[in-house]
Amino acid sequence: MSAILRDAMSQQGTPESGPKNPGDGAAWSIVSYLLSGLIFWGGAGWLLDRWLGTKVFILVGLILGAGASLYLVWLRYGRQ
Amino acid sequence: MNVAGAGFEPPSSADFIFSPFIGQSAYLTKPIALVFLSVLFISIFFIVAAKKAAIVPSRLQFAGESLYGFVRNDLGRDIIGPEFIRFVPFLFTMFTFVLVNNIFGIVPFLQFPTMSRFSFPVVLSVLTFVVFHATAIKHKGLGGYLKEIMFMPGVPKLVYIILTPMELMTFFFTRPVTLAVRLFANMFAGHLLLLVFILGGDHLLHGAIGLKLVSPFAFTIGIALTFFEFLVQCLQAYIFTLLTALYIAGALSDEH
Amino acid sequence: MKGTLNLVGYGLSAIGPAIATGLIFAAYINGVARQPEARGVLQPIAFLGFALAEALALFGLVLAFVL
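So, a few notes on the structure that sits alongside this text. Predicted model only: the values in this text are computed from it and were never measured.

In this section: the overall build of chain C. Counting its regular elements, chain C contains three helices and zero strands. Beginning at the N terminus, the succession of helices and strands in chain C can be written as α-α-α. With the C-alpha coordinates of chain C rotated into their principal frame, the extents come out at 50 × 20 × 10 Å. Here chain C holds 67 residues, and 16% of them are scored as buried. For chain C, contacts bridging at least 24 residues in sequence account for 71% of all contacts bridging at least 6.

So, on to the nonpolar core. With 38 residues, the main nonpolar core has I80, V98, A245 and I248 of chain B as its most contacted residues. If you list the elements that add at least two residues to this core, you get α2 (59–80), α3 (88–103), α4 (119–140), α6 (160–205) and α7 (209–252) of chain B. In terms of residue count, α7 of chain B provides more of this core than any other element does, ten residues in total. Beyond its immediate stretch of four places on either side in the chain, V98 of chain B contacts M115, A237 and F240 of chain B. In this structure, I30, V31 and L62 of chain A together with F50 of chain C belong to the second largest nonpolar core, which totals 29 residues.

In this assembly, two pairs of chains are in contact, and the pair with the greatest number of contacts comprises chains A and B. At their nearest point, the C-alpha atoms of chain B and chain C are still 9 Å apart, with no contact between the two.

All names here are of chain C. Note on placement: A57 falls in helix α3 (residues 39–66). For A57, a count of 20 C-beta atoms within 10 Å corresponds to the buried category. Each C-alpha atom, one on A57 and one on P17, is 5.6 Å from the other, the two residues being 40 residues apart in sequence. Once residues within four sequence positions are removed from consideration, A57 is found in contact with A14 and P17.

Residues and elements named next belong to chain C. Here G9 shows up in helix α1 (residues 5–13). A count of 14 C-beta atoms within 10 Å places G9 in the partly exposed class. C-alpha separation for the pair G9 and A64, spaced 55 residues apart in sequence, amounts to 7.6 Å.

With that out of the way, let us pick up the packing of helix α2 (residues 15–34) of chain C against α3 of chain C. Residues and elements named next belong to chain C. The interhelical angle for the contact between α2 and α3, taken along N-to-C directions, is 175°, at an axis separation of 9 Å. In this view, α2 runs roughly antiparallel relative to α3, as classed from their interaxial angle. Only R39, L42, A46, G49, F50, A53, E54, L56 and A57 of α3 make contact with α2, whose side of the interface consists of G16, P17, A20, T21, I24, F25, Y28, G31 and V32. Here the residues of the contact of α2 with α3 are counted per class, giving twelve nonpolar, four polar and two charged.

Scoring rules and cut-offs
- Residues numbered from 1 in each chain as written.
- Chains lettered and ligands numbered in written order.
- Predicted model: local features only at pLDDT ≥ 70, side-chain atom pairs only at ≥ 80, totals over all residues.
- Helix = DSSP H or I, 4+ residues; strand = E, 2+ residues; numbered from the N terminus.
- Buried ≥ 20, exposed ≤ 12 C-beta atoms within 10 Å, placed from the backbone.
- Contact = placed C-beta atoms within 7 Å.
- Core = buried A, V, L, I, M, F, W, Y, C linked by C-beta atoms within 7 Å.
- Axes fitted to C-alpha atoms, helices over the stretch in contact; angles between N-to-C directions.
- Parallel < 35°, antiparallel > 145°, perpendicular 65-115°, else oblique.
- Nonpolar A, V, L, I, M, F, W, Y, C, P; charged D, E, K, R; others polar.

Given below as structure tokens:
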């Protein structure tokens, strides 16, 4: 059956070429990067807070994580 | 919700827990039965659709071929590129499995999207994780792959301390987790919405006369939400498979 | 009704980034529709704008749990 399907598919005119839109899915990757940055550096800030007994490092960590992930998004998707 | 008087319990996550049909084993519940039913349905549909494969297709064969062609072309060839054909069975199985299980959320008498139990999307996401990392490692070698993830070109060396843990975390943790959670949360929220409006409408129907007049609105919104849920279910199946294909394409790509 | 004020705050704060994402991608689609060759030039700008808007949305989500 797969041979018949492959014949029928390739008769539809479009040649089998390379990827046509490889840039899609960047939106989801961006959300992943932002989440990772927030969670990782926010988590690091939170652990630092627990170690030192302060309350401020978690916010510092979150802001640093957001900034770093925005920088990473710019590196990967913002320049061509 | 308390306007309807005492006795209305808003649907909660307890509505997603089913007791077994027979006996005590947790493997004989409604979601498990629905998953087996979906596999049976998909297998029978595609076996029958491909049975008498003619050049001029019958309607059933056309439906089966359209679905297969959509996954093979739009999700396989256009995204993965030259080596796509060996991933098409995986992508196709995943797409039809998620689609049929999602649509069970609005089919009468079944009415439970099995992907709203968290363990099902987790398994699918773990499968994607294994496939995409194994492909990348086979293609680039373990050292090369890790080097490519961790060290982006064009960045001053000191910034690597900040960026590398985030990249690693994205590839090994955030991507699979968001893949599973996206599917789960959409199906869970959709099912809960439908429960609220339809059960609420039913409760209003049995209330005082003023409430009885309001209940058709609840049912109308329930019907509209059912159509909306159908759209979301198909879309979520598509997005899950699209992201799987994109991750595989990223694993196979040679440049950055 | 159970829950905390955190969730109400998060719900309200999710309106902004949603509208922002819609506006950004509407502008992107408009630009590509008027001149399809501009797609490669507009794409990084669209993604940067989207990342900035989404950062605020995720901030709201994380802070709803943290605080």
